[in-house]
Each structure stands twice: as C-alpha cells, then as structure tokens.
There are 2 protein chains.
Amino acid sequence: MAEFMTETDERSPGVPRAGTPEEPEKTADAATGPLDGQEAAAQLERTRALVDPELRAAIESLPGAMRRVGLYHFGWQHADGTPAAGNAGKAIRPALVLAAAAALGGPAARVAAVRAAVAVELIHNFTLLHDDVMDRDTTRRHRPTAWTVFGIPDAILAGDALQALALGLLADDPHPASAPALARLAACVVELCEGQHVDTDLERRAPDAVTLDEVLVMAEAKTGALLGCACALGALYAGADDEDVAALDGFGRQAGLAFQLIDDVIGIWGDPRHTGKPAGADLVVRKKSLPVVAALTSGAPAAAELAALYGRPHVEGEAETGEIARTALAVERAGGRDWAQAEAADRMARAMQELARAVPEPEAAGGLLALAEFVTRRTS
Amino acid sequence: MAEFMTETDERSPGVPRAGTPEEPEKTADAATGPLDGQEAAAQLERTRALVDPELRAAIESLPGAMRRVGLYHFGWQHADGTPAAGNAGKAIRPALVLAAAAALGGPAARVAAVRAAVAVELIHNFTLLHDDVMDRDTTRRHRPTAWTVFGIPDAILAGDALQALALGLLADDPHPASAPALARLAACVVELCEGQHVDTDLERRAPDAVTLDEVLVMAEAKTGALLGCACALGALYAGADDEDVAALDGFGRQAGLAFQLIDDVIGIWGDPRHTGKPAGADLVVRKKSLPVVAALTSGAPAAAELAALYGRPHVEGEAETGEIARTALAVERAGGRDWAQAEAADRMARAMQELARAVPEPEAAGGLLALAEFVTRRTS
C-alpha cells in the first residue's frame, strides 16, 4: 500500500484545485489558500502528540518478539533493540479519524476518538507488514522492511498481532460507538485483503489483459477503503447518524482515490530528488498503475508503442539507454498523465460533495479538507 | 498448530485416566466409562450442525478470492471451485465453547454462544492458514494446504480476512458478553502469535539449547491458549463471573497441554496405519517435541545418545536403516515417553480441578469432561 512521505513546498504535479459544483464557495474557501499545507502539518503534528503515546503503549503491551518487531516497524527501535527517534509515517489516517470526529462532534469527540485513531493506525501498519512480505519490498520509510530484518514468519506474526491489538483496543473501549466502529473496521480489513489480492493478480497478468475499471476498483479497495473507514469511525465517535457516517466514508474513499492517482503520477514523473527513488520507478518494475492502464486502454497510437515497451522484461541499465524515458513519454502521449490529473481533480470534487452533505459549514469542514488537499498536493 | 484427526477405538497410547485428588468421585465418574467417546462424538456432531451453517455463511460473505480460499480451506470446495463434501476438522474448539456455555448457563446459553463458537473456529483456521505458510507444510486434513494451491500471498490474505471476520462477527453480536469475549479472543490471538514465534525459534536452535520449560510455555501459548479461550468465551456467554471464566480458561489450557503431550507421543510412537504418517514422523524432521526435550534434558545416559542422533541432519532412507527406531528407543530409555504420559495425566488432573471449581455438579461438567477425554485418548 502506498505510504505518505515527506511533503515539499513544490505543488506540481499535484492535483489541480477542484471546487464542488453545488456548493463551490462553501467548501473551496475553507480548503484552499496559502495556509493549507501548514494547517495540515499542524494537524498531523497534533495527531502524533495525541495518538503516539497510546499507540506506543499498545505496542509495548505485546509479548517479546511481537513487541520487538512492532517497535522496529514503527521506528521506535533499531534492529538491535536500541532506542530510535521514531519514524511512524505521517499519521494521515489517525488524523482523518480525529478531524472527522471534530468536524461532526467538536473537540470532545476528537478526544473520545483517540483510541479509534490508534486502531486505524495499527490496522494500516498490519497491512504494511504483510504487503511488504507479499511484494518482497525491502524498504519502508527509508529503512529495511521488518521481514528483511526479522524474517518472514515474524513479520507475518507481528502483522497478525497488530490486527488483533487494533480490534481488541476497540473491544475494550466503553464508548457506545466502539462496537459499530469495530464491525466497520473489520469489514474494511476484508476489503483491504481483497484489494491486495486483486493488485497481486493484476500485476501477474499481461499488460493488455487489464481494464481501467479493474484498476480503479482495486485502488478503491486497497487505498480508498481505509481512508473512508478512518473518516467513518470519526463520524461514529461523534455520534453521527448512518447517512453522515456514509458521507464521511465516501469523502475518505474519493480523497483516497485522488491520492492514489497522484501517487501513481509521482511514480512515473516524480523528481528523484524528492521521491528518493530512481526516475520512473513504477515503469522500471512495469507496474500497472492508473496512468499506465489509462494509456494502454486509450486507443491512442502511442498505446501500442507503450504495450510493446511494457511487454519487454526489465533489463539492468534500461534507464540509461533512455528506454524508461521513452516509456514515460508514451504514457504521456497516450493521455495517461492528463487523464490521471483530471480524474484526481474529479475525485477531489466528489470528495468535497460528500463532505458538504454531512458537514455544510466550511469552518467545521476545514480540517478534513486541509488533510485531503495535503495528500493530493505532494511531489514525493 | 496440531490438528485433531479421526478417533479410533484404540485407547493406547492415550493418557492414563486421572482423578481429581480433591473430588475424585464427582468428576471422574462423569468423565469415564465406555460411552465417553460416543458422547464426545455426539457433541461434536451437534456442534457441527449448529456451527456449520453460520460458519459457512460467514465464509460465503467474503469477496471473490477470499471466499474461494476460505471455501477450499474448510473443505467445502475443491481447488477448481466445484463443491466438495466438507472436511473442516473435528470442531473441538467450537464444541468447547458450546459445552462451557451449557455447563454454566444451560441450553439457552449454548444457543446464545453459537456465534462465539464460529468466531473461535475462524480464529483457529486463520492460524492454520498462516502456520502452514510459515512452516511450509504441504498437507492439512489430508488435502494440499491452501498456499500450495493459491500461492502464499492469497493464503496470508485469506488468514487475515478470517481473523477480521471472526472479530467482526462478535462486534455485530448484540449479546452483552460480546465485547469482553472479543477482547479476550483478540488477546488470545496475540498469545498464539508469540507461541508460534517461539516454536519457530526453538526449532532453529541446537537440540541442547532448549529447556523443557521453554517448550512447555510454548505449547501452552500455541495450543493451550485457544482451548482455554474457547472455554472462557462459553463461560462469558453464560453470564459467569470473572472467577468462573478464569477457571474455565484454566481447564481448557490444561486440557490443551495434555492434548499436546499426547499429540507429541503419537508423533513418535503412533501407528502409521492410524496416523497416516510414517513412523516417527516428528523424529524424521527432528522436531523438538515435549517427550524429546524431556529426554534430552533428563541427564539419563541415553540422553547423550539421543543428542548425537538428533544432531545429525536428516538423510533419505534413515527410517529403513533403523536410525529412526533407534532414536525413538533413545527417547524412551531417557524417560521421555513416561514423562509425557505422566505429565499429560497430571495436566488432565489439573484441568479437572479447575473445572470442579466452576462446575461442581458432575452432570453439568460431563460434556466438557467428555471432550477433554476425547482429545487426550486418541491414537492418531
């Protein structure tokens, strides 16, 4: 699953700003303006301050090996068990839980929802531990992945333990929202699993055997579902009714898809100085990302060229021969880049519409909008 | 994790009957006699009839690939998706949930606890799916394991989905016991994970670097914990107080350890005609099972011979040369077999003491005792 990395001031190739057709001034005003990035950064910092002590206490409560792998994964320990500064990611999902709770229930709901925020962050990290095993990814948050350090069995077991810890935390929560929140989070895990399955399956297929709809459905299950669930849990802890909970879920899902589209654009055209990855990293591994599949299925003349380039196995040094640059150009000429940018803008517009249904006041919606803009206006 | 296979009429090498020192007549009378096996078999059949429809509905509720792997794993589908007769194991754990509920709360509690029984069975099977991946086991219930059919990623994902399904089922249960049951089951998952880690770790160590206490602690975490949790959940659904819940947990744990000891005895001296495995199967793979570690750490003269035999790598055909028979004899001469039988009897006695604390009436305790006897009086 994609991970949120450091933000920079540079805005391109982020999603073009989108207003909501029905209520442009209500939502757009709160969402834009020069302070967005700062507001989101401040929210994320406040979230870390609220969530980290409980998150860390939960990990510390695990027995021996599970605790060791967990503390390493969250960046609180080095591989040898010595203390580390902590590097647990940007806390976007717990921030969405708290922002949704605050938007619908004010500051008291934000405080009440801290445990739900911790549970969502634990679920996210359980999927990261397992995805890294399945994808054989060796780097996560600029460090060796847990399975490369502790072996595959312990990474699987630690993921299992984090899922149990997450759902067990909610079961112990006396808040009346805890049972529906738990049921919703458990259902989300099932959706995440199916999404990861479809992703693995799509990557195994030939480039011309994948439809754009399949990739969009996969991205919603794999990325949108947990962002939607985070927002829905915040709404539940604010005592929202079913309709508002569904709207918040829709907001998170659409913002999650916008995020994934931008993430895929960065995977092709992102600046290596910002991403920390080689240029065209996703093209090197022939990833069937959203812009690539949009290009392949566009019917444009460049699509055939792209299909031929994608059909070739990766060879060492192909970036140096200009092959990766040619592939990126083919995606662009077949319309993949423009489609992804427009689709991301459309998804953000839909996200704002969903949000406006449940939270019409711009003041209350501001926190959620700032986070959504933050994750879709990145360069790395 | 060890699996309960078919029962036969043959009793040896089952655990010697144990009475409870404090209340011998109360508990032993209800537990023994020629009808034990029949009573347990009838209970297991009733459990399957109550649990299977809900269990299957839960699996059918999963999306595409997760459903396919789940239906295969439980024996309801062949690998190609065509219907199969079903072969989901003996349902010992759900039977313990229902028997504990009935023992403390009568027939109404038994019915109320069905969902908890389904949840426990789902958790057990999630751990089987993951353990088979970690241990690279290729056979489960006489069929190819899920990972050999669907690949490692889908087996990991299906296990993750079963855990979520199990805990989500309890979250949706309006019964007042569902939240504490869920918290207890989640904590049990963490213990199972640590147990599996320790097991993997012990298997990697040299034979002389493992203590008997370590293997006992591991067996309690890996096998005893979920049997204890099953009984505790039944007690919770019967409205039992903390003390009785703890006693039922203790009963299940001790019976689970007795089961593991007998399972380990069968893994060395079991008759291949009953076990379906080659003679001395556990010795072939140099498993550090309880009788072996008891023998290795006994200080007896045969212990040194056993250590030398266990230090040799497995070679094809060593069973034919008599090496496996020599190893089994060394375990026996060093006292490993006698110790395991005595320890199993002792654990069964402790189990009965725990049970008598919460359920002093032999009539009410009969169902649980019959199940405990059933799992410790097997030959395969």
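- Under an unreviewed UniProt entry, the name given to chain A is Geranylgeranyl diphosphate synthase type I, and the source organism is Streptomyces echinatus.
- Per UniProt, chain A carries the Sequence similarities (unreviewed entry) text "Belongs to the FPP/GGPP synthase family."

## A closer look at the packing of helix H9 (residues 212-237) of chain B against helix H10 (residues 242-269) of chain B
The axes of two packed helices give the description: the angle between them and the distance between them.
Residue and element names in this part refer to chain B.
Line of reasoning, step 1. In contact at an axis separation of 6 Å, H9 and H10 are set at 140° when each is read in the N-to-C sense. The angle between H9 and H10 falls in the class oblique. For the crossing formed where H9 meets H10, the hand is right-handed.
Line of reasoning, step 2. Residue classes in the contact of H9 with H10 are distributed as 14 nonpolar, six polar and three charged.

## A few points about the side chain of Thr145(A)
All names here are of chain A.
Line of reasoning, step 1. Checked against the element boundaries, threonine 145 lands in the loop between strand S2 (143-144) and helix H6 (146-150).
Line of reasoning, step 2. Polar side-chain contacts of threonine 145 include one of 2.8 Å to the backbone oxygen of aspartate 137.
Line of reasoning, step 3. Look past the residues within four positions of threonine 145 in its chain and what remains in contact with it is Tyr72, Asp132, Asp137, Thr138, Thr139 and Arg140.

## Some remarks on the packing of aromatic side chains
Line of reasoning, step 1. Within the structure shown, the criterion is met by four aromatic pairs over all chains.
Line of reasoning, step 2. Ring centres 5.3 Å apart and planes at 20° place the aromatic pair Phe74(A) and Trp76(A) in the stacked group. Like Trp76(A), Phe74(A) is buried.
Line of reasoning, step 3. Relative to Phe150(B), the ring of Tyr72(B) lies with its centre 5.5 Å away and its plane at 75°, an arrangement referred to as edge-to-face. Of the two residues, Tyr72(B) is situated in helix H3 (residues 64-73) and Phe150(B) in helix H6 (residues 146-150); the sequence distance between them amounts to 78 residues. Both residues of the pair, Tyr72(B) and Phe150(B), count as buried.
Line of reasoning, step 4. Residue placement shows Arg143(A) over the ring face of Tyr72(A); its charged tip is 4.1 Å from the ring centre.

## Let's talk about the interface of chain A and chain B
Line of reasoning, step 1. Across the contact, 32 residues belong to chain A and 32 residues belong to chain B.
Line of reasoning, step 2. Summed over both sides, the interface between chain A and chain B buries roughly 2,800 Å², with carbon and sulfur atoms accounting for 73% of that surface.
Line of reasoning, step 3. Here chain A is connected to chain B by zero salt bridges.
Line of reasoning, step 4. Viewed at the interface, chain B and chain A are joined by 12 residue pairs in polar contact (both at pLDDT 80 or more).
Line of reasoning, step 5. Those elements that provide at least two residues to the side of chain A that touches chain B are helix H3 (64-73), helix H5 (114-135), helix H7 (152-171) and helix H8 (178-204) of chain A.
Line of reasoning, step 6. The biggest single contributor to the side of chain A that touches chain B is H7(A), with 11 residues.
Line of reasoning, step 7. Looking at the side of chain A that touches chain B residue by residue, the class counts come to 21 nonpolar, six polar and five charged.

## Structural notes on unusual backbone geometry
Line of reasoning, step 1. With a phi close to 50°, Arg141(A) is a non-glycine residue in the positive phi region.
Line of reasoning, step 2. Within the secondary structure, Arg141(A) is located in the loop between strand S1 (139-140) and S2.
Line of reasoning, step 3. A relative accessible area of 5% means that Arg141(A) is categorised as buried.
Line of reasoning, step 4. Within the chain, Arg286(B) stands out as a residue other than glycine whose phi angle is a positive 60°.
Line of reasoning, step 5. Relative to the assigned elements, Arg286(B) resides in the loop between helix H12 (281-284) and helix H13 (290-296).
Line of reasoning, step 6. Using a relative accessible area of 13% as the deciding quantity, one classes Arg286(B) as buried.

About the criteria used
Residues numbered from 1 in each chain as written. Chains lettered and ligands numbered in written order. Predicted model: local features only at pLDDT ≥ 70, side-chain atom pairs only at ≥ 80, totals over all residues. Heavy atoms only, no water. UniProt positions renumbered as here; feature names shortened; annotations may be inferred. Axes fitted to C-alpha atoms, helices over the stretch in contact; angles between N-to-C directions. Helix = DSSP H or I, 4+ residues; strand = E, 2+ residues; numbered from the N terminus. Parallel < 35°, antiparallel > 145°, perpendicular 65-115°, else oblique. Left-handed = near helix turned anticlockwise from the far one by under 90°. Nonpolar A, V, L, I, M, F, W, Y, C, P; charged D, E, K, R; others polar. Polar contact = N/O pair within 3.5 Å; in protein donor to acceptor, adjacent residues only side chain to side chain. Contact = heavy atoms within 4.5 Å. Phe/Tyr/Trp six-rings, centres within 6.5 Å; stacked < 30°, edge-to-face > 60°. Buried < 20%, exposed > 50% of the residue type's maximum accessible area, 1.4 Å probe, protein only. Lys NZ or Arg CZ within 6 Å of the ring centre and 35° of its normal. Buried area = accessible area lost by both parts, 1.4 Å probe. Salt bridge = Lys/Arg side-chain N within 4 Å of Asp/Glu carboxyl O.

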